[in-house]
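Commentary on secondary and tertiary structure
Residue strings, one per chain:
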Amino acid sequence: MAVTIAKERWTSKVNELVLGTDPNVVKVGGDSTLPFLFFEGEMPNRPVVALEVLDLEPADWPDILKAPFEGVLADPVAWAKKNVEYGADLVCLRLISAHPDFKNASPEDCAKTAKAVADAVNVPLVVVGCGVEEKDAEIMPVVGEALAGKVALLGCATPNNYKTITAACMVNGHSIIASSPLDINLAKQLNILITEMGLAANRIAIDPLVGALGYGIEYAYSIMERARLGALTGDKMLAMPVICFVGQEAWKAKESKAPNDEAPEWGDQARRAVLWEVMTAVTFAQASGAIMVMRHPESAKQFKAHIDKMMEPVKY
Amino acid sequence: MGLTGLEIFKQLPKTNCKDCGQPTCLAFAMALAGGKASLDQCPHVSDAAREALDSASAPPIALVKIGAGERAVELGNETVLFRHDKRFEHMTGIAVSVCDTMSADEIAAKVDQINKLVFDRVGQVHSVNLVAVGNCSGDAGKFAEAVKVAFGKTELPLVLMSEDPAAIEKALEITAAKKPLVCGANAANVEAMTNLAKKYDVPMVVRGADLNELAALAEKVAGMGFKQIVLDSGSREVNKVLADQTQIRRQALKRFRPFGYPTIAFADNQDPVQAVADAGVYIAKYAAIVVIGSADPADVLPLITLRLNIYTDPQKPIAVESKVYEIGNVTADSPVYVTTNFSLTYFCVAGDVEASRVPGYILPVDTDGISVMTGWAAGKFTPEKITEMLQTSGIADKVKHRKVIIPGGVAVLSGKLQELSGWEVLVGPRESAGIPSFLKQRWL
Ligand code: B12
Ligand code: SF4
């Protein structure tokens with residue numbers, strides 16, 4: 001009995017976002033289908049992995065997360081290089097030293113670190129601030145200028161600080177991360193505000209502020225599915241690739257942090273923690289996540305192996 | 001489902017005999033369409049009409065039941081492609097497999113391990129649902145032995161994995177009373193297998209070499225009068241399974257009858273971590289049962305958690321009980337936090353309090369399970385309710401101080417709360433992730 005394959009006729013597609021410079025550019029987005037459904041559309045670019053670097057030695061990382069970075073945790077440049085060795089498609093530098101609670105580092109110090117990291121690796125860079133909106137608005141213009149020509153992805157822009165970050169991207173040729181908490185309308189609104197300043201829509205990545213597996217993943221999952229459906233049916237303000245900060249969320253979960261003696265009924269911590277990060281990323285890839293910002297090299301490796309398989313087209 | 005009165009009317013005898021209690025056949029049809037009457041009330045409908053009306057009003061994906069008693073598993077009855085369209089109805093059944101090439105002791109030990117895969121999450125107990133026994137040896141006698149061991153060791157329903165009708169019959173002789181899933185029929189054995197499933201009245205998997213063969217086989221089995229069917233498209237690689245699962249679900253919702261049944265997927269990737277990743281895809285994308293090989297809790301906990309998340313009703317959030325929670329080794333000086341009883345909110349706060357490494361008390365106020373800002377906007381997270389919780393929960397006896405930390409998002413509550421409760425109100429950060437650094441500045 002012949003089955004007539006059910007194909008949706010989508011009218012639109014996701015923007016293609018280009019990061020980095022030749023010959024090391026990384027492209028994401030461009031999809032004209034739901035994730036991995038090659039029988040009805042194109043998925044020209046695979047979901048990519050950015051491995052994270054902090055510019056301050058992380059205080060609260062569990063040992064199994066620190067172990068692969070032994071000796072480089074206090075040196076962002078060496079750490080970034082290590083990430084590239086581990087197969088990262090991108091490096092995500094997080095400037096937490098700027099946080100008023102930590103070093104309250106100056107914009108110039110942040111820019112220096114960012115420049116040093118950018119010069120040390122050949123993969124494109126994602127640079128995010130410390131999460132304090134006003135402070136990020138201060139550092140990003142200086143960081144953006146120091147990275148001029150590198151075509152980086154800068155964030156995270158919110159309704160309170162998008163103006164300076166957008167300007168920094170426009171002047172220096174970067175793209176922007178637009179963050180909004182698990183709300184499709186807020187995401188749209190921020191994209192509208194940013195494009196109204198003159199930054200092209202294909203230079204925005206949506207950050208829906210995802211939660212990890214077990215910690216709200218279903219909200220992010222459904223918001224992402226809805227955004228993708230919006231993009232495919234012609235909503236230009238939802239047609240941005242989605243960036244998921246998987247690592248920071250997954251490594252906050254009890255399931256990743258609890259050592260074996262605390263939770264023997266949960267199995268070995270090393271395996272469970274890596275799986276927590278992998279499964280969070282795998283799930284978001286199904287919902288249309290394009291850039292996974294991850295922490296553990298083993299998670300990155302496993303996620304990439306999974307994506308290798310998912311990217312083999314099935315066409316019927 | 002969704003039949004109009006007129007569509008139903010066409011199938012009725014149109015004699016207006018009133019035996020149904022309605023003045024006319026049309027009135028009866030209207031009552032039926034509105035759910036106010038049942039077809040049985042008309043004694044005169046023809047069998048053909050009954051069949052047509054039944055199948056037109058049936059859900060797009062049939063309900064299939066495996067097992068008996070408390071641990072029975074229900075599959076199917078799904079109605080949507082995306083969880084945000086409504087919700088997914090029946091959680092993916094997770095089956096862990098054993099092989100009949102293992103010794104009886106090995107099987108017993110693994111089944112013991114499977115029985116222990118029970119986890120507490122968001123205040124609920126979640127576990128693996130099925131034990132699958134594989135006829136890896138190809139020998140009917142060995143299979144029966146293995147099935148017997150597993151059957152004696154677990155309350156969970158079994159999946160009998162053999163395509164040899166002789167082996168299945170032996171296994172059914174032992175287990176049929178507990179309604180295992182026969183897995184199953186294929187192009188070569190479909191008649192014999194279906195007859196067995198009918199004889200023992202147990203559900204059965206139908207495997208096609210591809211979607212076309214699957215549709216033909218499902219049609220054939222249904223034609224034999226058997227409808228407790230679970231579909232297997234035959235694909236075993238994750239990219240193919242995703243495509244097939246998507247097709248089957250889409251076609252079912254379009255009421256392509258041969259695909260109107262729940263599905264099964266096998267995460268048998270040789271790489272153990274990739275197998276878990278594959279199983280995750282199957283849980284997110286429509287598999288009603290996923291069979292995995294690992295009984296390692298480190299592999300199973302993420303899958304059980306993902307299943308819970310994906311199958312949560314988007315319109316009905318999960319709540320935690322409203323009571324005093326103690327995080328770490330609390331003392332009479334430990335900080336007190338209030339939040340809401342939306343489980344996601346509570347677990348965010350609990351995780352961040354834990355991350356602060358400072359033991360603390362958390363008081364989730366009953367907001368009918370909605371988040372802080374939603375609860376505030378809806379008038380369910382108010383100074384009055386927080387005061388009531390501070391006074392009646394017993395927290396006042398547990399701590400010496402009278403300081404309470406509230407979420408930064410509801411800073412506006414602080415004046416009124418302080419006045420009503422007499423507690424000093426500290427406005428915390430907007431995001432609970434800020435709790436560790438907030439504590440450093442404001443508590444210690
Ligand atoms: C999902 C959602 C819903 C869901 C509810 C899901 C649920 N279970 O809560 C639904 C669709 C039902 C809903 C309904 C409504 N919503 Co609503 N909703 C949201 C949404 C998108 C996300 C909320 C969420 O789950 N956040 C995640 C949880 C974990 O966050 P949280 O509880 O606030 O907890 C965080 C912090 O508060 C903090 N925290 C929590 N506890 C504590 C404790 C301490 C001590 C500290 C320090 C910190 C802290 O840490 C947590 C993690 O960061 C928000 C917009 C947004 N993106 O925020 C709007 C939002 C909350 N909703 C809003 C409104 C107005 C409503 C409605 C009144 C009307 C409407 N617009 O639909 C109804 C009311 C429902 C009712 N009558 O019962 C507004 C509130 C506006 C305001 N500022 O007052 C928001 C902000 C949207 C907006 N911008 O308009 N909503
Ligand atoms: S009993 Fe049947 S035939 Fe008679 S009036 Fe009712 S619907 Fe019509």
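Shown above is the structure to which this text applies.
I will try to describe carefully the structure that is included in this document. For clarity, every value in this text was computed on a predicted model and none was experimentally measured.

What follows concerns the site of ligand 1. For ligand 1, the set of nearby residues contains 32 residues, the closest of which are P181(A), T339(B), T345(B), S371(B) and E431(B). Ligand 1 sits at a junction of chains, with neighbouring residues supplied by chains A and B. Between ligand 1 and S371(B) there is a distance of 2.7 Å, counted from an oxygen atom to a backbone nitrogen or oxygen. For the shell around ligand 1, the secondary structure elements donating two or more residues are strand 14 (336-340), helix 12 (343-355), helix 13 (372-377) and strand 16 (403-406) of chain B. For the shell around ligand 1, the element with the highest residue contribution is helix 13 of chain B, accounting for five residues. A breakdown of the residues in the shell around ligand 1 according to their chemical character gives 21 nonpolar, seven polar and four charged.

This paragraph deals with the pattern of salt bridges. Applying the stated criterion across every chain yields a total of 32 salt bridges over all chains. E169(B) serves as the salt-bridge partner of K199(B), at 3.0 Å between the closest nitrogen and oxygen. Note that K199(B) is positioned in helix 7 (residues 190-200) and E169(B) in helix 6 (residues 165-175), a separation of 30 residues in sequence. Take K199(B): its relative accessible area is 58%, and that puts it in the exposed class. When its relative accessible area of 23% is taken as the criterion, E169(B) is described as partly exposed. In this structure, K400(B) engages D333(B) in a salt bridge whose closest nitrogen and oxygen atoms are separated by 3.5 Å. Residue K400(B) is located in the loop between helix 15 (395-398) and strand 16, and its partner D333(B) is located in the loop between strand 13 (325-327) and strand 14; the two are separated by 67 residues in the primary sequence. The structure contains a network of salt bridges with shared partners spanning K309(A), E312(A), E237(B) and K240(B).

Bringing the packing of aromatic side chains into the picture now. For any pair of aromatic rings, the description consists of the separation of the ring centres together with the inter-plane angle of the planes. In the structure shown here, the tally under the stated rule is ten aromatic pairs over all chains. Ring geometry for F69(A) against W79(A): centres 5.4 Å apart, planes inclined by 40 degrees, an arrangement best described as tilted. One end of the pair, F69(A), is in the loop between helix 1 (63-66) and helix 2 (76-85); the other, W79(A), is in helix 2, and ten residues separate them in sequence. You'll find F69(A) and W79(A) in the same group, each marked buried. Positioned over the ring face of F88(B) is R249(B), at 5.7 Å from the centre of the ring. A cation over a ring is seen here: K403(B) above W443(B), with NZ or CZ 4.8 Å from the ring centre.

The rules behind each value
Residues numbered from 1 in each chain as written. Chains lettered and ligands numbered in written order. Predicted model: local features only at pLDDT ≥ 70, side-chain atom pairs only at ≥ 80, totals over all residues. Heavy atoms only, no water. Near = heavy atom within 4 Å. Polar contact = N/O pair within 3.5 Å; in protein donor to acceptor, adjacent residues only side chain to side chain. Helix = DSSP H or I, 4+ residues; strand = E, 2+ residues; numbered from the N terminus. Nonpolar A, V, L, I, M, F, W, Y, C, P; charged D, E, K, R; others polar. Salt bridge = Lys/Arg side-chain N within 4 Å of Asp/Glu carboxyl O. Buried < 20%, exposed > 50% of the residue type's maximum accessible area, 1.4 Å probe, protein only. Phe/Tyr/Trp six-rings, centres within 6.5 Å; stacked < 30°, edge-to-face > 60°. Lys NZ or Arg CZ within 6 Å of the ring centre and 35° of its normal.

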